Amino acid sequence: MFDNEFSNKIKLTIRRTGESFELDQRRVKIRENKNGLMAVSYVAPIFEIMDLENFFDEVLSSEKINMDIGGTGEFIVSFRGIIDGKGKNFPKNLDHKIILLQEPTSPDSIMDVQLMGFSRFKLRDEI
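Residues numbered from 1 in each chain as written. Predicted model: local features only at pLDDT ≥ 70, side-chain atom pairs only at ≥ 80, totals over all residues. Heavy atoms only, no water.

### Things to note about the packing of aromatic side chains
Enumeration according to the criterion identifies three aromatic pairs in this entry. Residues Phe 56 and Phe 79 carry aromatic rings whose centres are separated by 4.6 Å and whose planes lie at 5 degrees to one another, so their mutual orientation is stacked. Residue Phe 56 is located in the loop between helix H1 (46–55) and strand E5 (64–69), and its partner Phe 79 is located in strand E6 (residues 74–84); the two are separated by 23 residues in the primary sequence. Each of the two residues, Phe 56 as well as Phe 79, counts as buried. (Phe/Tyr/Trp six-rings, centres within 6.5 Å; stacked < 30°, edge-to-face > 60°. Helix = DSSP H or I, 4+ residues; strand = E, 2+ residues; numbered from the N terminus. Buried < 20%, exposed > 50% of the residue type's maximum accessible area, 1.4 Å probe, protein only.)

### So, the pattern of salt bridges
Applying the stated criterion across every chain, the model contains five salt bridges. One salt bridge in this structure joins Asp 84 and Lys 97, with 2.1 Å as the shortest N-O distance. A residue pair is termed long-range when its members are at least 10 positions apart, and Asp 84 in strand E6 and Lys 97 in strand E7 (residues 94–102) qualify at 13 residues. Salt bridges sharing partners connect three or more residues here, namely Glu 53, Asp 84 and Lys 97. (Salt bridge = Lys/Arg side-chain N within 4 Å of Asp/Glu carboxyl O.)

### Observations concerning the nonpolar core
One broad rule of soluble globular proteins: the nonpolar side chains tend to lie buried together. In terms of nonpolar packing, the biggest core is built from 21 residues, with Leu 12, Leu 23, Phe 56, Met 67, Ile 99 and Leu 101 touching the most fellow members. Secondary-structure elements contributing two or more residues to this core are strand E1 (9–14), strand E2 (20–24), strand E4 (37–45), H1, E5, E6 and E7. In terms of residue count, the dominant contributor to this core is E4 (four residues). (Core = buried A, V, L, I, M, F, W, Y, C linked by side-chain atoms within 4.5 Å.)

### Focus on the environment of Thr 17
Relative to the assigned elements, Thr 17 resides in the loop between E1 and E2. Since its relative accessible area comes to 41%, Thr 17 is described here as partly exposed. For Thr 17 and Val 59, which are 42 residues apart along the polypeptide, the C-alpha to C-alpha distance reads 9.9 Å. In this structure the side chain of Thr 17 is engaged in a polar contact, spanning 3.3 Å, whose partner is the backbone nitrogen of Glu 19. (Polar contact = N/O pair within 3.5 Å; in protein donor to acceptor, adjacent residues only side chain to side chain.)

### A short note on the pairing of E7
When E4 meets E7, the two strands line up antiparallel, connected through nine bridges. Bridge pairing links Leu 37 to Gln 102 in E7. Relative to E7, E6 runs antiparallel, the two sharing six bridges. When the sheet's bridge partners are listed, Gly 81 is paired in E7 with Leu 100. (Pairing = 2+ DSSP bridges.)

Here you go:
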């Protein structure tokens, strides 16, 4: 067996101020689309949600934030906003928020080749 070196926290740090906020990974679900937009769904007690909203209160849309998932290393994302999550019969003391973040797009066209393919030529049976 190996020692568990990973944390149970997701750490968000505002690059401009250095302030940080930690989310408990057990209450988080992350979805990402192919354009790099991440929806971080967070269900937590109301007092934690209030702290989360206060943390992002002064953050501008598209401001750069460092994100560290489980102590694996920081990467840069852009803040896009916070929206209310749809309730799924949560108890009264829990709330649901979705943090929208976007990873920077790759300026390297080589990365796009994997999605689009190499050639513009068509096979004979496709013509």
